[in-house]
Amino acid sequence: MKIGGHDFEIGNKVHIMGILNVTPDSFSDGGQFAGEERAVRRAEQMIEDGARLIDVGGESTRPGYTRISEEEEIRRILPVIRSIKQKFDIPVSVDTYKSGVARAALDAGADLINDIWGFRYAGSRHDESMAAVAAEYSVPVCLMHNRDNTDYVHFVPEVIEDLKESLAEAERYGVAPDKIILDPGVGFGKTYEQNLSIIHHLDEICRLGYPVLLGASRKTVIGRTLNLPVTEREEGTIATSVIAAMKGCAFVRVHNVRANARALRMTEAIRRADTLENS
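An account of the accompanying structure is given in this report. Numbering of residues starts from 1 in every chain and runs along the sequence as written. In keeping with the predicted nature of the model, local features appear solely for residues at pLDDT of at least 70, side-chain atom pairs appear and are counted solely at 80 or more, and the whole-chain, interface and lining totals rest on all residues. To get the side-chain values, all heavy atoms of the structure are used, and hydrogens and water are removed first.

**Description of the packing of aromatic side chains**
Then step 1. Any two rings among Phe, Tyr and Trp, with Trp reduced to its six-membered ring, count as a pair given centres within 6.5 Å; such a pair is stacked if its planes are under 30 degrees apart, edge-to-face if over 60, and tilted if neither. Counting across every chain of the model gives four aromatic pairs.
Then step 2. With a centroid separation of 6.3 Å and an interplanar angle of 50 degrees, the aromatic rings of Trp-117 and Tyr-121 are classed as tilted.
Then step 3. Only protein chains enter the area calculation, which uses a 1.4 Å probe; residues under 20% of their type maximum are buried, those over 50% are exposed, and those in between are partly exposed. Judged by relative accessible area, Tyr-121 falls into the partly exposed class, the value being 29%.
Then step 4. Among the aromatic residues, ring-to-ring pairing joins Tyr-97, Trp-117 and Tyr-121 into one connected group.
Then step 5. A ring is scored as having a charge over it whenever the NZ atom of a lysine or the CZ atom of an arginine sits within 6 Å of its centre and within 35 degrees of its normal. The residue whose ring lies beneath Arg-52 is Phe-8, and the NZ or CZ to ring-centre distance is 4.2 Å.

**Concerning helix α9 (residues 234–247)**
Then step 1. The end-to-end C-alpha separation of α9 is 20 Å, in line with the 20 Å expected for 14 residues at 1.5 Å each.
Then step 2. Any two residues having at least one pair of non-hydrogen atoms within 4.5 Å are treated as being in contact. Helical segments are the DSSP runs of H or I of at least four residues, strand segments are the runs of E of at least two, and each set is numbered from the N terminus. Elements in contact with the buried residues of α9: α6 (192–200), α7 (202–206), β9 (213–214), α8 (220–226), β10 (251–254) and α10 (257–271). In this scheme, a helix's expected span is set at 1.5 Å multiplied by one less than its residue total.

**Some words on the pattern of salt bridges**
Then step 1. A pair is scored as a salt bridge if a Lys or Arg side-chain nitrogen falls within 4 Å of a carboxyl oxygen belonging to Asp or Glu. Counted by the stated rule, this structure contains 20 salt bridges.
Then step 2. Through salt bridges with shared partners, a single ionic network connects Arg-120, Arg-147, Glu-158, Asp-162 and Glu-165.

Function cannot be inferred from these measures alone, as they are strictly geometric.
The following block contains the structure:
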């Protein structure tokens, strides 16, 4: 898969997307990297630690978040995207569900749209379709599963059907299949038990035939399982990254790049053991 001029091997390796929240209120690191200078320093550190992509977000989507205007979101992210692209040779994704923000970010140099509503956001009827923007710019997209409720009859099959609706929307607007990544949406439209279940069933998402990204870093499902605050969830996050690798995911989206990169290198070495023995 090609993202921003870089080739990403799909199938035998897990690539790390580093989280860069330039927000005052994100659940894990709100305010730490707001401002261009701090954000760029953070991006540089994540690149040194092994990130292959940097995911820039300007609006927190934690439970109970306050929506901000497109103008404010654009004001937060554009200087950061421009600076990262000027200083580093790395793809940048924009974490937004607003088509106007995505368009501005792509004009500033972003290489991928990371849409938490998977082309299914029910905003204003005047909003431009995110799928239309992705098709116009011919950029890769990450389509996340999301709902505004947790009412399922058959949980995993319904998640898969929702993702298929996102894929149908992509096809309708002409987004090429080889530009699509799927995300099961841990922490979005799911109960605690459902979040555990979708991580367990990642292989079923992978069988849809698209690269899969897992974004579970420091989330409540980890905190509740281990009874730990957000500042102490690294081991739990690493466990989810290892599971992602074992289940066939191509990407993980994390805060602590160094720790997860080391764990994934070890996981991949073990997975290659048969190949090494027979070579």
